[in-house]
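Single-letter residue listing:
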Amino acid sequence: MSKNKEKETSKVQEGQENIEYTSLSIAGFEYLTTLNTKYKNRKKYQEANPRLIKAFISGTIDDIYVKKGKSVKAGDELLILEAMKMKNVIQAPFDGKIKDILVKKGDRVSKNQLLIELE
């Protein structure tokens with residue numbers, strides 16, 4: 001798969017208005033296009049950091065099984081996040097050490113809230 005790249009921007013006067021064209025490179029082909037304001041102001045993509053354990057859904061922290069500084073192995077249970085009457089077990093994605101726990105039992109958390117940091 002090839003990546004899409006935005007390149008240079010050029011202004012061309014058509015009639016009475018200035019139209020701003022942006023060059024895009026898709027699969028080796030160059031295209032001139034206009035971009036709307038929503039696209040220009042979008043939140044830039046950031047690759048997920050696997051060392052930051054975040055809530056995938058809003059809910060309540062039902063139980064925490066680890067402490068700060070404890071070593072964990074991949075698949076070890078870190079905590080239970082209760083959401084929509086279901087208990088979701090959050091597991092360690094890889095071997096590591098608990099750097100920080102940012103929630104406590106009974107806390108209400110929102111989607112994408114940081115729960116645990118791993119070293």
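Residues numbered from 1 in each chain as written. Predicted model: local features only at pLDDT ≥ 70, side-chain atom pairs only at ≥ 80, totals over all residues. Heavy atoms only, no water.

Draft legend 1. Highlighting the overall build of the protein chain. Broken down by element type, the protein chain carries one helix and eleven strands. When the elements of the protein chain are put in sequence order from the N terminus, they spell out β-β-β-α-β-β-β-β-β-β-β-β. Counting the 119 residues in the protein chain, one finds 24% classified as buried. The contacts in the protein chain between residues at least 6 apart in sequence include a share of 44% that link residues at least 24 apart. (Helix = DSSP H or I, 4+ residues; strand = E, 2+ residues; numbered from the N terminus. Buried < 20%, exposed > 50% of the residue type's maximum accessible area, 1.4 Å probe, protein only. Contact = heavy atoms within 4.5 Å.)

Draft legend 2. Main features of a nonpolar patch on the surface. A surface patch of nonpolar side chains, amounting to about 300 Å² of accessible area, comprises Ile 26, Phe 29 and Tyr 31. Mapped onto the elements of the fold, Phe 29 is located in strand β3 (residues 29–33). For Phe 29, a relative accessible area of 53% translates into the label exposed. (Patch = residues over 30% accessible without salt bridge, like charges linked within 9 Å, V, L, I, M, F, W, Y side chains within 5 Å. Areas by Shrake-Rupley, 256 points an atom, 1.4 Å probe, with all protein chains shown as cover. Salt bridge = Lys/Arg side-chain N within 4 Å of Asp/Glu carboxyl O.)

Draft legend 3. View of the sheet that holds strand β8 (residues 86–91). Spatially, four strands are ordered β8-β7-β5-β10 in an open sheet, and the strand pairing comes out antiparallel. Looking at strand neighbours, the two that pair on one side only are β8 and β10 (108–109), the edges of this open sheet. (Pairing = 2+ DSSP bridges.)

Draft legend 4. Here's a closer look at the sheet that holds strand β11 (residues 114–118). Taken together, the four strands give an open sheet; going across it, the order is β4-β11-β9-β6, and neighbouring strands pair in antiparallel fashion. Of all the strands in the sheet, just β4 (52–54) and β6 (71–72) have a single pairing partner and so form its edges. In this sheet, β11 lies alongside strand β9 (residues 96–101) in antiparallel orientation, the contact comprising three bridges. Looking across to β11, one finds that Asp 100 is bridged to Glu 117.

Draft legend 5. Expanded view of the pairing of strand β5 (residues 59–64). By the bridge criterion, two bridges tie β5 to β10 in an arrangement that is antiparallel. Each residue of the ladder has a partner; that of Gly 59, found in β10, is Val 109. Of the pairings in the sheet, the one linking β5 to strand β7 (residues 77–83) comprises four bridges and is antiparallel in character. Following the sheet pairing, Ile 64 is matched in β7 by Leu 79.

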